[in-house]
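So you can see what is in the structure, the chains are spelled out below.
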Amino acid sequence: MSICPICGSEVAPRSANKAFPFCTARCKSIDLGKWLNEEYRVPATPDEAGEGDESEDAPAVASEGDFPGKPDMRH
Ligand SMILES: [Zn+2]
């Protein structure tokens, strides 16, 4: 007989227990939540790669001279 790692209760055999190796689906979800929390606790990877590089390639106001309807500002 197995023991539920969450609550320590006896666990029914796999053939009769969809939540195996946990005693109930509730304990199974608790374990899943623990894993998810572990992942969330890990600090997000800082965006070191490509920081600022993408914006540099973005077209700035360099196309100003190509504007077809550019008014003649000379006075
Ligand atoms: Zn349990």
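Residues numbered from 1 in each chain as written. Predicted model: local features only at pLDDT ≥ 70, side-chain atom pairs only at ≥ 80, totals over all residues. Heavy atoms only, no water.

## Quick notes on the side chain of asparagine 17
Now for step 1: Structurally, asparagine 17 is set in the loop between β2 (10-11) and α1 (25-41).
Now for step 2: A polar contact of 3.5 Å, which involves the side chain of asparagine 17, links it to the backbone oxygen of alanine 12.
Now for step 3: From its side chain, asparagine 17 meets the backbone oxygen of phenylalanine 22 in a polar contact 2.7 Å long.
Now for step 4: The residues contacting asparagine 17, other than those within four sequence positions of it, are Val11, Ala12, Phe22 and Cys23. (Helix = DSSP H or I, 4+ residues; strand = E, 2+ residues; numbered from the N terminus. Polar contact = N/O pair within 3.5 Å; in protein donor to acceptor, adjacent residues only side chain to side chain. Contact = heavy atoms within 4.5 Å.)

## Description of the confidence of the model for the chain
Now for step 1: Averaged over the chain, the pLDDT score is 80; the fraction of residues at 70 or greater is 67%.
Now for step 2: The least confident element of the chain, judged by mean pLDDT, is helix α2 (residues 53-57) at 61; the most confident is β2 at 96. (pLDDT = per-residue confidence, 0-100.)

## Section: the coordination of the zinc ion
Note on metal geometry: ideal angles are 109.5 degrees for four donors arranged tetrahedrally and 90 or 180 degrees for six donors arranged octahedrally.
Now for step 1: Around the zinc ion, the donor atoms from the protein are Cys4 (SG), Cys7 (SG), Cys23 (SG) and Cys27 (SG), and they sit 2.2 to 2.3 Å away.
Now for step 2: In this structure, the zinc ion is coordinated by four donor atoms arranged in tetrahedral fashion, with angles at the metal of 103 to 115°.
Now for step 3: Counting along the primary sequence, the residues that act as donors to the zinc ion give the motif C-x2-C-x15-C-x3-C. Taken together, the residues span a long stretch of sequence, with cysteine 7 in the loop between β1 (2-3) and β2 and cysteine 23 in the loop between β2 and α1 at a distance of 16 residues.
Now for step 4: Judged by relative accessible area, cysteine 7 falls into the partly exposed class, the value being 41%. (Donors = N, O, S within 2.8 Å, 3.2 Å for Na, K, Ca; no water. Tetrahedral: all angles 85-135°; square planar, octahedral: opposite > 155°, others 65-115°. Buried < 20%, exposed > 50% of the residue type's maximum accessible area, 1.4 Å probe, protein only.)

## Topic: the environment of serine 2
Now for step 1: Along the chain, serine 2 turns up in strand β1.
Now for step 2: In this structure serine 2 comes out as partly exposed when scored by relative accessible area, which is 30%.
Now for step 3: Residues serine 2 and proline 13 lie eleven residues apart in sequence; the distance between their C-alpha atoms is 7.7 Å.
Now for step 4: Not counting residues within four places of it along the chain, the set of residues in contact with serine 2 comprises Ser9, Glu10, Val11 and Phe20.

## What about unusual backbone geometry?
Now for step 1: For the bond from phenylalanine 20 to proline 21, the omega torsion is 5°, close enough to zero to count as cis.
Now for step 2: Looking at the secondary structure, you find proline 21 in the loop between β2 and α1.

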